[in-house]
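Overview (structure and organization)
Here are the chains, one letter per residue:
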Amino acid sequence: MPHCIPCMTVSSSKIALLVALYLSCVQIAVGRDTDFVRRLNRARTDTERVTIYKEAIRHYGYSNEDSIRYYGEMGIAYFRRHKEPLFEAQIMEQLGLIDDNRGRTATARERMLYALRIYRELNHRQGIASAVGNMGALEAVSGKYDAAIKYMTESMDYADTTRDKDIIITGYMNLATVYLNIEELASAEKYFALATRAAEGHKLSDKIISLYNLVGVLHAMKGENEIALKTFQRNLELSNKPAFINARLECMTYISQFYQENGQPEKAMQYLQDGLKLATEMKMAEIRSNFLQQMGAIEREKNPQRAEQYLNEALAIATEMDNKIVLMTIFDNLASLHKQTHNYKEALLATERKHKISDSMLATNKAAELSGLLATWELEKSSNALADLELKHARNV
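Residues numbered from 1 in each chain as written. Predicted model: local features only at pLDDT ≥ 70, side-chain atom pairs only at ≥ 80, totals over all residues. Heavy atoms only, no water.

**Section: the overall build of the chain**
For the chain, the count of helices and strands is 18 helices and zero strands. Considering the chain as a whole, with its 397 residues, one finds that 48% of them fall into the buried category. (Helix = DSSP H or I, 4+ residues; strand = E, 2+ residues; numbered from the N terminus. Buried < 20%, exposed > 50% of the residue type's maximum accessible area, 1.4 Å probe, protein only.)

Below you can see the structure in the form of structure tokens.
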């Protein structure tokens, strides 16, 4: 790399991948009504209903398995009863994303393929582009980049025929980000350029600003640090509106990481503190926890006591959310910190707590995976039976 200042590491693009692929970690906007039952009762159209069901599934994506299953099954049953296969497929696709986020890869793929079959039967090109793209996302998050690129390229073939700018932009972003992860920077640059061109004249959104942030990561990985920093700072200005709160917090994360990797921890800490303050004001618990963990990482060498304080604050938030994935990460960081300070008793305790959560998650996910696979199989069997009955009825008429 030509610059004497080290550029952002590949781990930066790993984080970016999860942002760009828009999996189930997307936050419900602050102030959004989460009384989903009441909203469903008041909904006037099926389009409204499917939006509410998907919001509910995302809202409970980390914390409440029963609620996910409740709204998922209720939504699918409703739209099957009213013979609305398109909306059924959309909910199945959303459930697949949640399954993948929880490590249930087999169920996620089955749900996505089920949704894809419906889209293909309906010749719904937007749905096909979305489901095939999400299949690529599942492969990418699993590190199977060749398969991911194959799916995403097919997704783009469909997306281009829809003229849906949002789907086209997301598709190019995803392809570019996969190439970023495997450090094929020329290909990443090509698809980011296509995404940026597609975004011209498009209404500014969290997604568009995320695109610009990923372009900043590309510059940093190429060693073009001055351009990268200017890109992140410009994006921070663009996101200075309540509607772009997620993008603004993302910008703060990238800038803090940039300064941390370039040996300026004080500047990095300032952006993390600003982000933490904003996330606290907006009551975004998961993001608060993330900022606290990053603050702990900065303080770890010079002030391990303060680092432990930040990690314990993050732990309290994750415990309240019952976010087991985040809890395991925090316990892992605490164990490492305690080893560094030679507090081996606490290190052992943190490690044991992490393993206990891991074992619990494994058992829960196995049960949920079996349940999900069976439910998907039963739906498919029911659909085939219904189609057979309708064919026999048509022959007898």
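**Side note on the pattern of salt bridges**
Oppositely charged side chains can form a pair if their charged atoms are brought close together. The tally for this structure, following the rule as stated, stands at ten salt bridges. Across the pair lysine 207 and aspartate 166 runs a salt bridge, and its minimum N-O distance is 3.1 Å. With lysine 207 in helix 11 (residues 206-221) and aspartate 166 in helix 9 (residues 165-181), the pair connects residues that are 41 residues apart, well separated along the chain. Classification of lysine 207 by relative accessible area gives buried; the value is 13%. (Salt bridge = Lys/Arg side-chain N within 4 Å of Asp/Glu carboxyl O.)

**Observations regarding the confidence of the model for the chain**
When pLDDT is averaged along the chain, the result is 82, and 80% of the positions lie at 70 or above. Below a pLDDT of 50 lies the segment residues 1-33, which in the model reaches 96 contacts outside its immediate sequence neighbourhood of four places, other chains included. Ignoring residues within four places in sequence, the model shows residues 389-395, a span with pLDDT below 50, making one contact including any to other chains. (pLDDT = per-residue confidence, 0-100. Contact = heavy atoms within 4.5 Å.)

**Remarks on the packing of helix 15 (residues 285-299) against helix 16 (residues 304-321)**
When two helices pack together, their arrangement is given by the angle between the helix axes and by the axis-to-axis distance. One can describe the packing of helix 15 onto helix 16 by two numbers: an axis separation of 8 Å at closest approach and a directional angle of 160 degrees. Here helix 15 lies roughly antiparallel to helix 16, going by the angle between them. Here helix 15 and helix 16 pass one another in a crossing that is left-handed. Here Ala285, Glu286, Arg288, Ser289, Leu292, Gln293, Met295, Gly296 and Glu299 of helix 15 lie close against helix 16, whose contacting residues are Pro304, Arg306, Ala307, Tyr310, Leu311, Glu313, Ala314, Ile317 and Met321. (Axes fitted to C-alpha atoms, helices over the stretch in contact; angles between N-to-C directions. Parallel < 35°, antiparallel > 145°, perpendicular 65-115°, else oblique. Left-handed = near helix turned anticlockwise from the far one by under 90°.)

**Things to note about the nonpolar core**
Ranked by size, the top nonpolar core spans 107 residues in total, and within it Tyr71, Ile91, Phe192, Leu211 and Leu249 carry the most contacts. If near-sequence neighbours (up to four positions away) are discounted, isoleucine 91 is found in contact with Val50, Tyr53, Ile57, Gly72, Gly75, Ile76 and Phe79. (Core = buried A, V, L, I, M, F, W, Y, C linked by side-chain atoms within 4.5 Å.)

**Looking at the packing of helix 13 (residues 245-261) against helix 14 (residues 265-281)**
Running from N to C, helix 13 and helix 14 cross one another at 160 degrees; their axes reach a closest spacing of 7 Å. Classified by the angle between their axes, helix 13 and helix 14 sit roughly antiparallel to one another. Between helix 13 and helix 14 the crossing geometry is left-handed. Where helix 13 abuts helix 14, its residues Ile245, Arg248, Leu249, Met252, Ile255, Ser256, Tyr259 and Gln260 lie against Pro265, Lys267, Ala268, Tyr271, Leu272, Asp274, Gly275, Leu278 and Ala279. Its residues assigned to classes, the contact of helix 13 with helix 14 comprises eleven nonpolar, three polar and three charged. (Nonpolar A, V, L, I, M, F, W, Y, C, P; charged D, E, K, R; others polar.)

**Things to note about the packing of aromatic side chains**
The geometry of two aromatic rings is summed up by the distance between their centres and the angle between their planes. Under the definition given, this model contains ten aromatic pairs. Consider the rings of tyrosine 53 and phenylalanine 79, whose centres lie 6.0 Å apart with planes at 80 degrees: the pair is edge-to-face. In this pair, tyrosine 53 sits in helix 3 (residues 46-59) while phenylalanine 79 sits in helix 4 (residues 65-81), placing the two residues 26 residues apart along the sequence. Residues phenylalanine 258 and tyrosine 259 carry aromatic rings whose centres are separated by 5.9 Å and whose planes lie at 80 degrees to one another, so their mutual orientation is edge-to-face. Pair check on accessibility: phenylalanine 258 and tyrosine 259 agree, each one buried. (Phe/Tyr/Trp six-rings, centres within 6.5 Å; stacked < 30°, edge-to-face > 60°.)

**Side note on helix 3**
Taking 1.5 Å per residue, 14 residues should reach 20 Å; helix 3 reaches 20 Å between its end C-alpha atoms and fits that length. Listing the buried residues of helix 3 in full gives Asp46, Arg49, Val50, Ile52, Tyr53, Glu55, Ala56 and Ile57. (Expected span 1.5 Å × (residues − 1).)

**Structural notes on unusual backbone geometry**
Positive phi, normally seen in glycine, also occurs at asparagine 123, with a value near 55 degrees. With respect to the helices and strands, the residue asparagine 123 is situated in the loop between helix 6 (105-122) and helix 7 (125-141). In this model, lysine 283 sits at a positive phi of 60 degrees, which is unusual for a non-glycine residue. Judged by relative accessible area, which is 73%, lysine 283 ranks as exposed.

**Notes on helix 5 (residues 85-101)**
Each α-helix turn comprises 3.6 residues. Residues three or four places apart therefore point the same way. The terminal C-alpha atoms of helix 5, which comprises 17 residues, lie 24 Å apart, in line with the 24 Å expected from a rise of 1.5 Å per residue. Among the 17 residues of helix 5, 15 are classified as buried, and the element is accordingly described as predominantly covered.

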